[in-house]
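The chain contents come next:
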Amino acid sequence: MKRTTLALTIGLLCGFATLVTTSGVSAEAKKKKRSLTVSQMMSGLVKPKYVALKEGLSKETISKDDWKALATHAALLNESSYSLMQDDRCPDGDWKEAAMILRKASNDVLANIAKENATGALKAVEKMTLSCKNCHAAHKQ
Ligand code: HEC
């Protein structure tokens, strides 16, 4: 099989697996495969990166190295918006909506960081806070 055909076949199979999973047809396909719990993702990744971003952007002077670190924090928060949607972690529309706010806001933060615009980035962080609040209101005990 040609490489492109193989890639296409695998892609189609993955798409099919997703379809089966989301429609709830196969319990086996729905089984969790990742070790990371949502609680661990929050305490070990989302919260520390969120705090580091907020604190770093509030500093009076931000060096080149600081901007680089800030971009890493924002990109990891963006990545967590994908992890939150994977491995059958998303239970409903409230969750998805909050994850999408996190995704968009972290991208806005990144765009502002690229321009070294701390004020703009902090505004985007405020929007990101809405994702924490909304998801916790619906899903955190
Ligand atoms: C899409 C849903 C969702 C989003 C978005 C979200 N959280 Fe969470 N968070 C949860 C859930 C669910 C829990 C409870 C986890 C548990 O106890 O099993 C939680 C728990 C936490 C905890 C407690 C972790 C622990 O020690 O158990 C912290 C801290 C936290 N979130 C911070 C944040 C921050 C900061 C943001 C925003 C940047 C955020 N979360 C965004 C769903 C979300």
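End to end, helix 6 (residues 118-139) covers 31 Å across 22 residues, agreeing with the expected 32 Å (1.5 Å per residue, within 8%). Within helix 6 the residues assigned to the buried category are G120, A121, A124, V125, M128, T129, S131 and C135. On its buried side, helix 6 packs onto helix 3 (38-57), helix 4 (64-83) and helix 5 (93-114).

To continue, consider the pattern of salt bridges. This structure, assessed with the given rule, holds five salt bridges. Across the pair K59 and D66 runs a salt bridge, and its minimum N-O distance is 3.2 Å. The partly exposed category is assigned to K59, whose relative accessible area is 41%. Put simply, K64 and E116 hold a salt bridge, and the shortest N to O gap is 2.8 Å.

One pass over the full model with this rule turns up zero disulfides. Between C90, a cysteine without a disulfide, and C135, which holds the nearest cysteine sulfur, the sulfur-to-sulfur distance is 8.4 Å.

Further remarks concern the coordination of the iron atom of the ligand. Coordination of the iron atom of the ligand by the protein involves M42 (SD) and H136 (NE2), with metal-donor separations of 2.0 to 2.4 Å. Considering all six donor atoms around the iron atom of the ligand, angles at the metal cover 83 to 178° and the coordination shape is octahedral. Here M42, found in helix 3, pairs with H136, found in helix 6; they are 94 residues apart in sequence, far enough to count as distant. On the basis of relative accessible area, M42 is assigned to the partly exposed category, the value being 25%. Looking at H136, the relative accessible area reads 33%, which means it is partly exposed.

Moving on to the confidence of the model for the chain. Put simply, the chain has an average pLDDT of 87, and 79% of its residues get 70 or more. Contacts for the low-pLDDT stretch residues 8-27, under 50 throughout, to residues beyond four places or in other chains number five contacts.

Glancing now at the packing of helix 3 against helix 6. It is the contact of helix 3 with helix 6, at a shortest axis distance of 10 Å, that shows an interaxial angle of 150°. The pairing of helix 3 with helix 6 is recorded here as roughly antiparallel in orientation. Judged by the sense of rotation from one axis to the other, the crossing of helix 3 with helix 6 is left-handed. Along the contact surface, helix 3 presents M42, Y50, L53, K54 and L57, while helix 6 presents A118, A121, L122, V125, E126, M128, T129 and H136. Of the residues belonging to the contact of helix 3 with helix 6, the class tally is nine nonpolar, two polar and two charged.

Relative to each other, helix 4 and helix 5 sit at 160°, their axes nearing to 8 Å. On the basis of the axis angle, helix 4 is roughly antiparallel to helix 5. Classified by chirality, the crossing of helix 5 by helix 4 is left-handed. Of helix 5, the residues touching helix 4 (which contributes W67, L70, A71, A74, A75, L77, N78, S80, S81 and Y82) are A99, L102, R103, S106, N107, V109, L110 and I113. Looking at the contact of helix 4 with helix 5, its residues break down into 12 nonpolar, five polar and one charged.

Conventions we followed
Residues numbered from 1 in each chain as written. Predicted model: local features only at pLDDT ≥ 70, side-chain atom pairs only at ≥ 80, totals over all residues. Heavy atoms only, no water. Helix = DSSP H or I, 4+ residues; strand = E, 2+ residues; numbered from the N terminus. Expected span 1.5 Å × (residues − 1). Buried < 20%, exposed > 50% of the residue type's maximum accessible area, 1.4 Å probe, protein only. Contact = heavy atoms within 4.5 Å. Salt bridge = Lys/Arg side-chain N within 4 Å of Asp/Glu carboxyl O. Disulfide = S-S within 2.5 Å. Donors = N, O, S within 2.8 Å, 3.2 Å for Na, K, Ca; no water. Tetrahedral: all angles 85-135°; square planar, octahedral: opposite > 155°, others 65-115°. pLDDT = per-residue confidence, 0-100. Axes fitted to C-alpha atoms, helices over the stretch in contact; angles between N-to-C directions. Parallel < 35°, antiparallel > 145°, perpendicular 65-115°, else oblique. Left-handed = near helix turned anticlockwise from the far one by under 90°. Nonpolar A, V, L, I, M, F, W, Y, C, P; charged D, E, K, R; others polar.

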